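Below, each chain spelled out in residue letters.
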Amino acid sequence: MAETDGMTAPILSPRGSYWITTFGCQMNKADSERMAGILESMGYRAGDDEHSADLVLYNTCTIRDNAEQKVYSYLGRQAQRKRTNPNLTLVVAGCVAQQEGESLLRRVPELDLVMGPQHANRLDVLLAQVEQGQQVVATEEHHILEDITTARRDSQVCGWVNVIYGCNERCTYCVVPSVRGQEQSRLPDAIKLEMEGLAAQGFKEITLLGQNIDAYGRDLPGITPEGRRAHTLTDLLHHVHEVEGIERIRFATSHPRYFTERLIDACADLPKVCEHFHIPFQSGDDTVLKAMARGYTVERYRRIVGRIRERMPDAAISADVIVAFPGETEAQFRRTLALIEEIGFDAVNTAAYSPRPNTPAADWPDQLSEAVKVERLQEINALVEQQARQRSARYAGRIEEILVEGTNPKDPQQVMGRTRTNRLTFFPGARADGRAIEPGELVTVQIEGVRAFSLSGKLT
Ligand code: SF4
């Protein structure tokens, strides 16, 4: 151990460069940031080329078939490189790793480490085993350790904080429960501590993350004197709201089955919680929702949105939807389109159903053809864009509070940030007196240009 400024710090052995490619959802992105943090604490430095890095890690996703296929093609190229460069360390993490386990090693024997998402915080321990010459598979159910390392976050302004890992739901199309395991909530104080650390580093916005964030706390002990669970997402929002320096709080992903009025009231009452809700509805038809085992009806979804708009009339609502689920009829698909028109979403992530291994719906006989999938996807995408454009129109001429995230990658004269409702907004990066606008600043912008998914304007 070396002494620095009276503090004890480990001596870092330089280990070369690392490269991480992340597929899939925000949970994976957050895991990648934590793994990057671990690698840097071990003495690795971020490399700038996948094909010359000393350690290459693919953090994988099984939700879509093409993401999985892409991993195999990337791995093929790295495996070839490893044959001439035995010092290369090759890691597959995430959901494909969890799902495939040892069979991945059989398919790509050049791999050093195959690790499921529950093991992300143990990357250093697993790599130590690799350094001793072992080929390691870590996919067993594992109690997730508190984050003991600082994540290396891609943004210096907006950070993600995991609050619950895993998912106990059994949506019939989804691999998450089998790859990410049982729900495990972090303790409120650990979450708050992480947010305080991020605030001290200058972060201004935090998105609390969970695969089903409304389940937060149901695995933690305790009952309140009123007889309800002691730990809920609503309580957590109140608990972390006081973290000084954090100006905005968001959360994702919400589940309509568990979304409560208490939560909506907290969002309306707590000034830092942004008026943006990402609530997947998946289908606008009750029979399809039942087949998906989602546990709510279209009417319940409507009521949630109605209540949000009652308390926060300008709130943005975004969602996820799956089209061409096995057996989905034309009439059922039309009901999904009708729901989109009725609600008026600010954004919707659309996907055509794709069968995932080890999920019930994958084995159902009434799979729809690729042609139907493509057709429905195109039709729904056109409607989503049209709706987003209509929703964007309301910003024209308005003055919006924007949290500046950085320079517009397509125009270095401009900066970009987001409204509280999560619309990306571009505007000139200098004030009238020539002073630059810095990432992390909260500014007010007069909106002049509106497009489906972004806005532009000028500083007021
Ligand atoms: S709630 Fe359903 S879709 Fe979401 S992660 Fe859990 S099982 Fe998958």
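Residues numbered from 1 in each chain as written. Predicted model: local features only at pLDDT ≥ 70, side-chain atom pairs only at ≥ 80, totals over all residues. Heavy atoms only, no water.

Remarks on the pattern of salt bridges
- On inspection of all chains with the given rule, the structure shows 39 salt bridges.
- For arginine 248, the salt bridge identified is with glutamate 205, shortest N-O distance 3.8 Å. One end of the pair, arginine 248, is in strand E12 (residues 248–252); the other, glutamate 205, is in strand E11 (residues 205–210), and 43 residues separate them in sequence.
- Connected through shared salt-bridge partners, Glu261, Asp265, Asp269, Arg307, Glu310 and Arg311 make up one network. (Salt bridge = Lys/Arg side-chain N within 4 Å of Asp/Glu carboxyl O. Helix = DSSP H or I, 4+ residues; strand = E, 2+ residues; numbered from the N terminus.)

Remarks on helix H9 (residues 261–269)
- Every buried residue belonging to H9 is among Leu263, Ile264, Ala266 and Cys267, and all of these are buried. All buried residues of H9 lie within an arc of 160° about the axis, which places them on one face of the element.
- Turning to H9, the residues buried within the fold contact helix H8 (233–241), E12, strand E13 (276–278) and helix H11 (298–311). (Buried < 20%, exposed > 50% of the residue type's maximum accessible area, 1.4 Å probe, protein only. Arc of directions from axis to C-beta. Contact = heavy atoms within 4.5 Å.)

A few points about the domain arrangement of the chain
- In terms of domains, the chain is made up of domain 1 (2–138), domain 2 (155–274), domain 3 (303–393) and domain 4 (399–459).
- Taken together, the contacts link 11 residues of domain 2 with 13 residues of domain 4.
- Of the roughly 850 Å² buried at the junction of domain 2 and domain 4 (both faces included), carbon and sulfur atoms supply 52%.
- On the domain 2 side of the interface with domain 4, the three residues burying the most area are Val157, Arg248 and Arg250, jointly 56% of the side's total.
- Between domain 2 and domain 4 we count 1 salt bridge in total. (Domains from an automatic or database assignment. Buried area = accessible area lost by both parts, 1.4 Å probe.)

A word on the packing of helix H1 (residues 26–41) against helix H5 (residues 123–131)
- Where H1 meets H5, the axes come as close as 9 Å, and the angle between the chain directions of the two elements is 55°. When the axis of H1 is compared with that of H5, the two are oblique. At the point where H1 passes H5, the crossing takes the right-handed sense. Where H1 approaches H5, its residues Met35, Ile38 and Leu39 are matched on the opposing element by Leu123, Asp124 and Leu127.
- Per-class residue counts for the contact of H1 with H5 are 5 nonpolar, no polar and 1 charged. (Axes fitted to C-alpha atoms, helices over the stretch in contact; angles between N-to-C directions. Parallel < 35°, antiparallel > 145°, perpendicular 65-115°, else oblique. Left-handed = near helix turned anticlockwise from the far one by under 90°. Nonpolar A, V, L, I, M, F, W, Y, C, P; charged D, E, K, R; others polar.)

Concerning the packing of aromatic side chains
- For the coordinates displayed, the defined rule picks out 10 aromatic pairs.
- Where tyrosine 58 meets tyrosine 74, the ring centres are 5.7 Å apart and the plane angle is 65°; that geometry is what we call edge-to-face. Taken together, the residues tyrosine 58 in strand E5 (residues 55–60) and tyrosine 74 in helix H2 (residues 65–84) connect sequence positions 16 residues apart.
- A relative accessible area of 0% places tyrosine 58 in the buried class.
- Ring geometry for tyrosine 301 versus phenylalanine 345: centroids 6.3 Å apart, planes at 45°, classification tilted. Here tyrosine 301, found in helix H11, pairs with phenylalanine 345, found in the loop between helix H12 (330–343) and strand E15 (347–352); they are 44 residues apart in sequence, far enough to count as distant. (Phe/Tyr/Trp six-rings, centres within 6.5 Å; stacked < 30°, edge-to-face > 60°.)

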